[in-house]
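# Analysis of the macromolecular model
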Amino acid sequence: MNKAWNTTALIARFEGHRNEELAIQMAAYMKHKFPFLGIQKPLRTVLMKAHLTEYCLPRKAELKNAVRALYALPEREYHCAAIDLLEKAKAELTQGDLPFLRQLIESNSWWDSVDAISPKLAGAIVLLDRKAAAPVMLEWSQADNFWTNRAAILHQLKFKQQTDTHLLSDILTQHVESNEFFIQKSIGWALREYAKTDPEWVLDFAAAHSLRPLSRREALKHMKK
């Protein structure tokens, strides 16, 4: 029988694999936004799997505390591990957890964490109750924090035929004139991904709106000439 979840033991497991040379390279790749342990994703996955073989996932009541403890550490691998943990437990998440996800999006913010949380976690919650969750995504889209805006733009990224195009259009239209690189990029990404499902809709949207050059280029990247 697996032991009860132990965050301290996970930290010790990660600490035992510090690699200063890789840590320097990884920090440079991420524009020195965070310090790193030097644990690349394949090894991090192995370490998490080993930990979850020995320990149970935290119960719902303990999950947020475990995530907060990891997110409070400086090294980026711990933030990634926190998100990995939430993904493992995402069947336990409900709409009531969206404010908690927003806190994570607005903490230690960078594209890697936001892009993991928005489609995989927030998106999964939204699918549970589209009618109730749509106003929350519109609220995120109108937030002062552009990372939260990006999360709203990307939350339907993998919805394919389940995409709410009215909601997608409403959110994108709010930001098509943004000068923020990460918003322009996310608009293009959202449109490019949905073009795999409905290219005509994307072409019509692009024709009807004055997209920034980066957004337009990304959106239409794979369209037939």
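Structure: above.
In short, a report on the structure. (Residues numbered from 1 in each chain as written. Predicted model: local features only at pLDDT ≥ 70, side-chain atom pairs only at ≥ 80, totals over all residues. Heavy atoms only, no water.)

### Observations concerning the layout of surface pockets
Looking at the largest pocket, its volume works out to about 640 Å³. Taken together, 25 residues make up the lining of the largest pocket; nearest its centre are K41, R44, C80, D84 and D112. For the lining of the largest pocket, the elements supplying multiple residues, two or more each, are α2 (20–29), α3 (41–54), α5 (76–88) and α7 (111–128). Looking at the lining of the largest pocket, the element that brings in the most residues is α5, giving eight residues. Across the lining of the largest pocket, the residue classes tally to eleven nonpolar, four polar and ten charged. (1 Å grid on protein atoms, 1.4 Å probe; cavity = no way out; pocket = protein on both sides within 12 Å on 5 of 7 lines; lining within 4 Å. Points joined across faces, edges and corners; volume = space filled by probe spheres on them. Helix = DSSP H or I, 4+ residues; strand = E, 2+ residues; numbered from the N terminus. Nonpolar A, V, L, I, M, F, W, Y, C, P; charged D, E, K, R; others polar.)

### Some points on the packing of aromatic side chains
Evaluated as defined, the whole model comprises nine aromatic pairs. Aromatic side chains F181 and F182 sit 5.2 Å apart centroid to centroid with 80° between the ring planes, which places their arrangement in the edge-to-face category. Residue class for F182 comes out buried when judged on its relative accessible area of 15%. Pairwise contacts between aromatic rings join W110, F146, W147, F181 and F182 into one cluster. The side chain of R76 reaches across the aromatic face of F34, ending 3.9 Å from its centre. (Phe/Tyr/Trp six-rings, centres within 6.5 Å; stacked < 30°, edge-to-face > 60°. Buried < 20%, exposed > 50% of the residue type's maximum accessible area, 1.4 Å probe, protein only. Lys NZ or Arg CZ within 6 Å of the ring centre and 35° of its normal.)

### So, the environment of G38
Structurally, G38 can be placed in the loop between α2 and α3. Judged by relative accessible area, which is 4%, G38 ranks as buried. Separated by 184 residues in sequence, G38 and H222 place their C-alpha atoms 35 Å apart. If we ignore the near neighbours within four places in the chain, the residues touching G38 are H17, N19, L22, A23, M26 and E77. (Contact = heavy atoms within 4.5 Å.)

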